[in-house]
Amino acid sequence: MVLPSGLALPPLEYTVALLAGTLVVTALLYALEPPINQRTVVALTPWMALGGALHAFHQPPIEAYRPVVTPLFGAPAVYLTTFVTLGVVWVTLTLFSVRRGHSETISRNLGYIGIGLLTVLLVIAVVMALESGLLGLIWPTIAVIVATVVTAVTVLAVALWRTPVVVRMRYAAPTVVFAHMLDGVSTAVGADVIGITERTPIPARIMEFAGTLPTAPYLGKGWLFVFVKLLVAIGVVFLLDDYLEEDPVEASLLLAVVTAVGIGPATNNIVLFLFSPV
């Protein structure tokens, strides 16, 4: 098994509505053909993070949704809910931008809207968490800072080693690395500091193995997962470098998917950590 535990389909009517919405927005985007490139990967990132945050509001101890909308934000339904919302905004921006002859602004505006929605949700989460004190802010803040520093050092090191790769992937490379570093670091914090059990089998196995190493009493068990995520992120950057030149659209979409696999769970962790007792 590679999927997290706790996945469950919503009731049939919700499933049908989400699948129908997904098909409609996908068809519209395919027909409209908005420009897709590295900037699109960056623009989609806050939307991916938004999905992770929305799912966190579905989980204990938050559980903020009313019963009528709760099925839309469980896993995996939240991915479709976020995609449909993203698709509606993307289609709308495409129609207006093409009509005005400014298609180059689509990705930029899409990113701005995603950042705005994500910011509002994170502010709500912080305000709710502050009711229990300031301690909940410590580890999410540390996780973000550490992930940012590791990303900067990694991108700089790769740039010094293989400068052309980073020049060609100057938008996508930092985005992919940061997404997976935030996931790795936040998962390590959850396992070693907060005591959260990892729900996804592969990270759980990696950390279980790290717990058997002589380094466990000193470094904990999460460090190995961070290291694996770093290698994966760097590997993806190198593997897709040539592909990005050959087929920018397909490569950018693939990079967006890879980013989503990191930033979605990472944001979910960060929001949940705000409400942790540590």
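As recorded in an unreviewed UniProt entry, the chain goes by the name DUF63 domain-containing protein, listed as coming from Haloarcula marismortui ATCC 33799.

S.K.: Got a minute to help me understand the pattern of salt bridges in this structure?
M.R.: Oppositely charged side chains may form a pair once their charged atoms are brought near each other. Per the counting criterion, the structure on display carries three salt bridges. Across the pair R168 and D241 runs a salt bridge whose closest N-O atoms are separated by 2.6 Å. One end of the pair, R168, is in helix 6 (residues 163-168); the other, D241, is in helix 11 (residues 241-246), and 73 residues separate them in sequence. With a closest N to O distance of 2.8 Å, K229 and D183 form a salt bridge. Here K229 is found in helix 10 (residues 223-239), whereas its partner D183 is found in helix 7 (residues 172-194), with 46 residues between them in sequence. With relative accessibility at 9%, the residue K229 sits in the buried group. Residue D183 is classed as buried on the basis of its relative accessible area, which comes to 6%. Within the structure, one salt-bridge network assembled from shared partners comprises R168, D241 and E245.

S.K.: For this particular structure, what's the right way to read the UniProt feature "transmembrane region" (unreviewed entry) in the chain?
M.R.: Within this numbering scheme, the UniProt entry marks residues 12-32, 39-57, 77-98, 110-130, 136-161, 222-240 and 252-275 as carrying the feature "transmembrane region" (unreviewed entry). The span residues 136-161 carries 92% helix and 0% strand; its end-to-end C-alpha distance comes to 39 Å. Counted over residues 222-240, helix gives 89% and strand 0%. Its end C-alpha atoms are 27 Å apart.

S.K.: I'm lost on unusual backbone geometry in this one. Help?
M.R.: Among all residues except glycine, the phi angle is most often negative; among peptide bonds, the trans geometry is most common. Following P60, the chain continues to P61 via a peptide bond in cis, the omega torsion being 10°. You can see P61 is positioned in the loop between helix 2 (38-56) and helix 3 (77-100). A75 connects to P76 through a cis peptide bond whose omega is 10°. Mapped onto the elements, P76 comes out in the loop between helix 2 and helix 3. One non-glycine residue, E63, lies in positive phi territory at about 45°. Relative to the helices and strands, E63 is located in the loop between helix 2 and helix 3. Judged by its relative accessible area of 52%, E63 falls in the exposed class.

S.K.: Any chance you could explain the nonpolar core here in plain terms?
M.R.: Looking at soluble globular proteins, one finds that nonpolar side chains tend to be buried together. Formed by 60 residues in total, the largest nonpolar core has its most connected members in W90, L110 and L255. Contributions of two or more residues to this core are made by helix 2, helix 3, helix 4 (106-130), helix 5 (138-161), helix 7, helix 10 and helix 12 (248-273). Among the elements that make up this core, the one with the highest residue count is helix 7 (11 residues). For W90, the residues in contact, after removing those within four places along its chain, are L29, P34, I36, T40, L44, I106 and L110. Formed by six residues, the second largest nonpolar core is a distinct cluster that contains A191, I206, M207 and L224.

S.K.: Would you take a moment to explain the environment of E33 for this structure?
M.R.: Tracing the backbone through its elements, the reader meets E33 in the loop between helix 1 (12-32) and helix 2. The exposure class of E33 is exposed, given its relative accessible area of 64%.

S.K.: It is not clear to me how a nonpolar patch on the surface should be interpreted in this structure. Could you clarify?
M.R.: On the surface, V24, L28, L32, L95 and F96 cluster together into a nonpolar patch covering about 430 Å² of accessible area. The leading source of residues in the nonpolar patch is helix 1, at three residues. With respect to the helices and strands, the residue L28 is situated in helix 1. The class for L28 is partly exposed, based on a relative accessible area of 39%.

S.K.: Please clarify how the side chain of T82 should be interpreted in this entry.
M.R.: Along the chain, T82 turns up in helix 3. Those residues in contact with T82 that lie beyond four places of it in its chain are W47, G51 and L54.

S.K.: How should I be thinking about the environment of A233 in this particular structure?
M.R.: With respect to the helices, strands and loops of the structure, A233 is situated in helix 10. Residue classification places A233 among the buried residues on the basis of a relative accessible area of 0%. Taking C-alpha positions, A233 is 28 Å from Y30, a pair spaced 203 residues apart along the chain. Setting aside chain neighbours within four positions, we find A233 in contact with V176, V177 and H180.

What counts and what doesn't
Residues numbered from 1 in each chain as written. Predicted model: local features only at pLDDT ≥ 70, side-chain atom pairs only at ≥ 80, totals over all residues. Heavy atoms only, no water. Salt bridge = Lys/Arg side-chain N within 4 Å of Asp/Glu carboxyl O. Helix = DSSP H or I, 4+ residues; strand = E, 2+ residues; numbered from the N terminus. Buried < 20%, exposed > 50% of the residue type's maximum accessible area, 1.4 Å probe, protein only. UniProt positions renumbered as here; feature names shortened; annotations may be inferred. Core = buried A, V, L, I, M, F, W, Y, C linked by side-chain atoms within 4.5 Å. Contact = heavy atoms within 4.5 Å. Patch = residues over 30% accessible without salt bridge, like charges linked within 9 Å, V, L, I, M, F, W, Y side chains within 5 Å. Areas by Shrake-Rupley, 256 points an atom, 1.4 Å probe, with all protein chains shown as cover.

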